[in-house]
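The primary structure of each chain is shown beneath.
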Amino acid sequence: MNRTVIAMIVALIVALYLTILNVRHPLIGMDVIENKNGDIIVNDIYEFGWAKKHGIHINDQVLKVDGKPPLSHFTVREYKTIEQAKTITIQRENQIQTLKVDYKSHGTEQWLYYIALPAGFFLFAISLSIFLLRLRPNDKSATVLIYFLLLTGICYISASLSAKYAPFGRQIFNGIFFILPAVFLHFVYHYFEKEKKVWFAKKIVFSLYGFNFLMFVVSLESLSFRSISEAEVLLTTFFINMVIILALLGKGFVYFKKDEQRHTVKGVFFAIGLSAAPFVLFYDLPVLIIGKWVLPAELTVTSFFVLPSVFLYLICTDRLFRLQFSINHFVYYALLSLFPAFLVTLLYAKFVHEARRFAELTLLFLLIYVINILVLYSKGYFDRTLRTKLYVQKNFYQESIYRIGEALKKQRNMQEVIQCLEKEVREVLDIENLAFVQLAVQNRQAPFHCDEKEWMKLIKKMDGQPLSIGKMIENKRLFAVFVGSFRQSPLLLIGKKKHPIPFRAEQKDWLSTIVYYASVTIENMLKVEDFIKELDNLKERSHSVWLTRLIFQWSEKERRKLAIDLHDTILQDLIVLKRKVESLRFQNMRMEEMKKQLNDIEEEIVDMIDVTRETCHELRPPFLEQVGLREALAELIRRFHLRSNIKVEWNIHVSTKLDEERELAIYRMIQELLNNALKHSQASYIQLTLETQNEEVQLHYVDNGIGIDMKKLNHYDGKLGLFGIKERVQGLGGTCEMTSQLGEGLDIRITIPL
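Residues numbered from 1 in each chain as written. Predicted model: local features only at pLDDT ≥ 70, side-chain atom pairs only at ≥ 80, totals over all residues. Heavy atoms only, no water.

(A) Representation of the overall build of the protein chain in the model. In terms of regular secondary structure, the protein chain is built from 23 helices and 15 strands. A buried classification covers 44% of the 754 residues belonging to the protein chain. Of the contacts formed within the protein chain by residues at least 6 apart in sequence, a portion of 64% connects residues at least 24 apart. Entry remark: accessible area of the protein chain is about 41,200 Å², with carbon and sulfur atoms responsible for 57%. (Helix = DSSP H or I, 4+ residues; strand = E, 2+ residues; numbered from the N terminus. Buried < 20%, exposed > 50% of the residue type's maximum accessible area, 1.4 Å probe, protein only. Contact = heavy atoms within 4.5 Å. Areas by Shrake-Rupley, 256 points an atom, 1.4 Å probe, with all protein chains shown as cover.)

Here's what the structure looks like:
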């Protein structure tokens, strides 16, 4: 079983056990002191505790706890407070009464703050963890984030037990509370290391682990030093950790000033900042500075619901992990509505004294929760229907350009591009009708019903001026945009506005931009289609000048690419090293400094060796000649696992020594199949079998990806590599059978004679 799954199961069991303990033991909330006569006197009553709800007053004398002298109870003896008790005997003046403490003693606020909210947060965190595990099962940064969310949920639940001085809950809380910030920074490091854009050293992460472990030890010993308390150690450490993390994230925000990862850093910064700010500003710092909180911890920690909410938002907006998925609107809105519903209910319970019953607060929460979901649905509806009538800001058009740019990458033919463009225009502009006309407007017929005179005026304007891609011609309610000429056939976008209002400048710029994007996409698709058709025609020719020219062009292009790579990497590094070595000859320095510079030079040489090895591997895999086909393929699959989350189950059994041409061909075909799976298939599992039988090599490839439409395999659909595999197999006199359906993966069987 996956370790992450085991961790989630263990976290769920621990959270359930902690919740049961929370239900069994209410917060008593009674601090005591020992007077000169040795009597135990009530010194303070906590606002949300059992003691205040049951009429216990400051200066009341505590006679017995659980039927025994107060000092025999461990919380009185060690912490000067009464918790984890079942009965308490109180004397006020001459009146003595024994009060029973059981699970029925929970007040409304205790059910809300100590049970409902922590349990709700943990369920939110574990739901998001399951969501991440399904989408990124083998991603190290996602795994660390899952651990962080689970630990945060357990920490929230155990905090309630820690306030009640339950030994098990207190130990769990202290251990997790100290490790959480370091785990969060660990996630940040792994995520950006995977993107190869990390801006701080890994030793900072380990230093934070070490610092927090040291403070944890100090907290364990705090009882021995009466000058400092365990709470002060906890709060001081938390504040220092927040300063370090926010400073590093702020540095990352500056580091990615012109990079798309800036949005991810910004989101992570707000996730940790907004969730921790209320606790730090209204509880942590006031307690450390003036010894009293502004708002109780129970209220400020509710802001930690922001943490999973922001992570969910980052994932759903494709700014974290770049996941290709769609989430149901109801699920998304339901998760986002949790935090505001909890917050409003808390504020109502805190400040509106007429509402104290738990049932009433539960109904209030459900009502607010449903209203939040309906408001989000309404917002989505009005965004789609009214945004063209309202003032649209510049950022809206920028988001639309980004959205259609991402959508165009997924289209497979000209018709899909046109449909994508039409959908975007209809959503953004206030349009009544829209049509694409692929022939020149010679018949003078409008593609939809409109005013005849206005239509003729638009045609005259088009005839009277040259058309360029993206240029708009507008006439009252009608407009036309030239998309481009494809195979001698012009394509025009013609629309009818709902109101005779001219487009604004930003609307014209936006429309011209997305039309240009669509035009380039269509043109590239058609060129690739022509290229593939030409390759098909080559089968019937004995000689092709076009193919010869193409081969030489590819050869020169690869040489030019190699020359640039060598010049920009290895050559520049060698020049720098030469200068460093020359400087060593003329410098008078101590042996230690000399060794340090030589070590630096050695590390740079090792880096150059790695770059050179990578370049050579791209040109020709060295393992084929050195260790054979099997080991070369094993190394290829190992490297594939390093850069993808796709599980490859492989079985290679080649009993016969193959010639060099076939070994290289098989290696390149498997390399192309893996690259195709990584780029296009969206698969999570690949089965690969290579064996020799009956004087032939048999290669069987199966994945569970999105599949392809076999009717369109010979047309450009982003899978040109599969066509190349087919051609390579036929060149060796073999056969290649490809079986696939949309949504049912891909099955390829290749047979090559020996």
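Next comes the rest of the write-up.
(B) Quick peek at the side chain of S519. Within the fold, S519 resides in helix α17 (residues 505-538). Among the residues examined, S519 registers a relative accessible area of 2% and is labelled buried. If we ignore the near neighbours within four places in the chain, the residues touching S519 are I469, V483, G484 and F486.

(C) Examining the nonpolar core more closely. If you look at the biggest cluster of nonpolar residues, it comprises 96 residues, and the most contacted ones within it are L145, F184, F187, V188, F311, L320 and F321. No other element matches the 14 residues that helix α6 (residues 167-194) contributes to this core. Residue contacts for L145: discarding those within four places in its chain leaves L132, F187, F311, L320 and F321. Formed by 35 residues, the second largest nonpolar core is a distinct cluster that contains A632, A677, L732 and L746. (Core = buried A, V, L, I, M, F, W, Y, C linked by side-chain atoms within 4.5 Å.)

(D) Quick peek at the pairing of strand β1 (residues 30-34). Bridge count between β1 and strand β4 (residues 81-82): two bridges; the pairing is antiparallel. Bridge pairing links D31 to T81 in β4. Relative to strand β2 (residues 40-45), β1 is paired through five bridges, and the arrangement is antiparallel. Bridge assignment links V32 to a residue of β2, and that residue is V42. Between β1 and the antiparallel strand that follows it, β2, lie five residues; G38 among them carries a positive phi value of about 85°. (Pairing = 2+ DSSP bridges.)

(E) Seen up close, the environment of Q698. Structurally, the position occupied by Q698 is in strand β13 (residues 696-703). Taking C-alpha positions, Q698 is 7.2 Å from R749, a pair spaced 51 residues apart along the chain. Once you skip the residues sitting within four places of it in the chain, Q698 turns out to touch T689, L690, E691, Q693, I750 and T751. A polar side-chain atom of Q698 sits 3.0 Å from a polar atom in the side chain of E696. (Polar contact = N/O pair within 3.5 Å; in protein donor to acceptor, adjacent residues only side chain to side chain.)

(F) Representation of the packing of helix α8 (residues 230-255) against helix α9 (residues 261-290) in the model. For the pair α8 and α9, the least separation of the axes is 9 Å and the interaxial angle reads 155°. The angle between the axes of α8 and α9 places the two elements in the roughly antiparallel class. For the crossing formed where α8 meets α9, the hand is left-handed. Among the residues forming the contact of α8 with α9, the class breakdown is 19 nonpolar, four polar and four charged. (Axes fitted to C-alpha atoms, helices over the stretch in contact; angles between N-to-C directions. Parallel < 35°, antiparallel > 145°, perpendicular 65-115°, else oblique. Left-handed = near helix turned anticlockwise from the far one by under 90°. Nonpolar A, V, L, I, M, F, W, Y, C, P; charged D, E, K, R; others polar.)

(G) Examining the packing of α6 against helix α7 (residues 202-220) more closely. As a packed pair, α6 and α7 sit with axes 9 Å apart at the nearest point and diverge in direction by 175°. Considering their axes alone, α6 and α7 lie roughly antiparallel with respect to each other. Mapping the contact onto sequence places N174, G175, F178, I179, P181, A182, V183, L185, H186, Y189 and H190 in α6 and K202, I204, V205, L208, Y209, N212, M215, F216 and S219 in α7.

(H) The arrangement of the packing of aromatic side chains in detail. Tallying each qualifying case throughout the model produces 25 aromatic pairs. Between Y17 and F168, the ring centres sit 5.5 Å apart and the planes meet at 70°, which makes this aromatic pair edge-to-face. Here Y17 is found in helix α1 (residues 3-24), whereas its partner F168 is found in helix α6, with 151 residues between them in sequence. Overall, F168 belongs to the partly exposed group, its relative accessible area being 35%. Plain terms: the ring middles of F238 and F279 are 5.4 Å apart, the flat faces sit at 85° to each other, and that makes the pair edge-to-face. Of this pair, F238 sits in helix α8 while F279 sits in helix α9, and the two are 41 residues apart along the sequence. Residue F238 is classed as buried on the basis of its relative accessible area, which comes to 8%. An aromatic cluster of at least three residues, connected via ring pairs, comprises F148, F184, F187, Y189, Y191, F192, W199, F200, Y255, F256 and F311. (Phe/Tyr/Trp six-rings, centres within 6.5 Å; stacked < 30°, edge-to-face > 60°.)

(I) Focus on the environment of I315. Within the secondary structure, I315 is located in helix α11 (residues 306-316). Spatially, the C-alpha atoms of I315 and L132 are 9.0 Å apart, while their sequence positions differ by 183 residues.

(J) Highlighting a positive patch on the surface. A contiguous patch of positive charge on the surface is contributed by K453, K457, K460, K461 and K476. In this fold, K453 is placed in helix α16 (residues 452-463). Overall, the relative accessible area of 67% leaves K453 in the exposed class. (Patch = residues over 30% accessible without salt bridge, like charges linked within 9 Å, V, L, I, M, F, W, Y side chains within 5 Å. Salt bridge = Lys/Arg side-chain N within 4 Å of Asp/Glu carboxyl O. Lys, Arg positive; Asp, Glu negative; His and termini not counted. Charge placed at Lys NZ, Arg CZ, Asp CG, Glu CD.)

(K) Summary view of unusual backbone geometry. Within the chain, N59 stands out as a residue other than glycine whose phi angle is a positive 80°. Here N59 shows up in the loop between α2 (50-53) and β3 (61-65). Phi is positive for Q682, close to 60°, though the residue is something other than glycine. A relative accessible area of 55% places Q682 in the exposed class.

(L) Representation of the sheet that holds β13. The five strands are arranged β11-β12-β13-β15-β14 in an open sheet whose pairing can be described as mixed. The open sheet terminates on both sides in strands that have one partner only, identified here as β11 (647-653) and β14 (735-740). Neighbour-to-neighbour, the strand axes of the sheet open up by a mean angle of 10°, direction not taken into account. Sheet contacts for helix α21 (residues 629-642): β11 and β12 (685-693); angle to β11, the most-contacted strand, approximately 180°.

(M) Layout of the sheet that holds β3. Strand order in this open sheet of six strands is β4-β1-β2-β3-β5-β6, and the pairing throughout is antiparallel. Each edge of the open sheet is held by one strand with a lone partner, namely β4 and β6 (95-100).

(N) Here's a closer look at a negative patch on the surface. A grouping of D573, E602, E603 and D607 is seen on the molecular surface, where their side chains present a negatively charged patch. Tracing the backbone shows E602 in helix α19 (residues 591-619).

(O) Fine view of the pattern of salt bridges. All told, the structure shown has 12 salt bridges when counted by the stated rule. In this structure, the salt-bridge partner of K497 is E474, at a minimum N-O distance of 2.5 Å. Residue K497 is found in strand β10 (residues 489-497), and its partner E474 is found in strand β8 (residues 472-475); the two are separated by 23 residues along the sequence. Accessibility assignment for this pair places K497 and E474 in one class, buried. In this structure, a network of salt bridges that share partners links the residues R136, D139 and K194.

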